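This is what each chain is made of:
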Amino acid sequence: MIISSICFLLWSAPDTIVGVMVEASGGALKLCIELGAVYAVWLGILELVDASGLGQKLAHLLHPIIKKLFKVKDPEVEQMIALNLSANMLGLGNASTPMGIKAMQALDDGSGVASTSMIMLLIINATSIQLLPSTVIGLRASAGSLSPADIILPTILATTVTTGLGIVLVKICSKIFGKKSGKQKRFNEVKK
C-alpha cells in the first residue's frame, strides 16, 4: 500500500512527495518527543515509587488480589507484579514492560510451558484496567484536542470489562485444560 501510494504520487504529483514526506517525518519526530516527555515524567514517578518503598506498600495493598490471581509466595515477585499492574493502570504500557518481563521470568518454572500465573499476567497486561490512560491523553493533547481527558470514564469502563472477562476466561481455561494436562501426566506415569 505504501509503495503503491508513493508510485502514484511520483506519477501524479512528483513535486509534492518530498514535501509530504518531510512534513510527515517532522510530525512523527514531534510526536515522539512529546510522548517521550510524558513517559519520562511517569517513569520518574515509578522510579521514585520504587526507591521510596511505596512499591512494597503497593505490593502489600495488592497482596490479596495478587495472591488470589497469581498464587505467588515470593514478596519480590509480588512487588514486580504490583509495579507492573500500577504502571498499566496509569496507562504506561511501555513503562510497565521491564517489570512485566522480570515478573514473567520469576513466574517461569523452567518447564517450557506457560503456567496459569504467566498466562494470567499476560492477559491482565493485554487488557489492563487503565485508571489514567496517560498515553492516549498525551496523544490527544498533542493532536490539539480541546478536552483530551474526556476518555477517562469510557476507558475505565471498557478496560474493567475486558480485564474481568480475561480473568474469568483464564480461570475457566485453566480448569478445563489443567485437568487434561493432569490426566496426560498420569497417563505418562502409568506408561513408564
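Here, every reference points to the structure presented above.
So, here is what we can say about the structure in this document. Note that the structure is a prediction, hence the values are computed from the model and not measured.

1. As for helix H4 (residues 63-70)
The set of residues buried in H4 consists of Ile66, Leu69 and Phe70. Considered in projection along H4, the buried side chains sweep an arc of 75° and stay on one side of the axis. Counted as exposed and oriented over 90 degrees from the buried face of H4: Pro64 and Lys68. Downstream of H4 by one or two residues, Lys71 has phi in the positive range, about 55°.

2. Thoughts on unusual backbone geometry
One non-glycine residue, Lys71, adopts positive backbone phi at about 55°. Within the secondary structure, Lys71 is located in the loop between H4 and helix H5 (75-89).

3. Focus on the packing of aromatic side chains
The final tally for this structure, using the stated rule, is one aromatic pair. Residues Phe8 and Trp11 carry aromatic rings whose centres are separated by 6.2 Å and whose planes lie at 50° to one another, so their mutual orientation is tilted. One end of the pair is Phe8 and the other is Trp11, both in helix H1 (residues 2-12) and three residues apart, which spans about a single turn. The same class applies to Phe8 and to Trp11, which are both exposed.

About the criteria used
- Residues numbered from 1 in each chain as written.
- Predicted model: local features only at pLDDT ≥ 70, side-chain atom pairs only at ≥ 80, totals over all residues.
- Heavy atoms only, no water.
- Buried < 20%, exposed > 50% of the residue type's maximum accessible area, 1.4 Å probe, protein only.
- Helix = DSSP H or I, 4+ residues; strand = E, 2+ residues; numbered from the N terminus.
- Arc of directions from axis to C-beta.
- Phe/Tyr/Trp six-rings, centres within 6.5 Å; stacked < 30°, edge-to-face > 60°.

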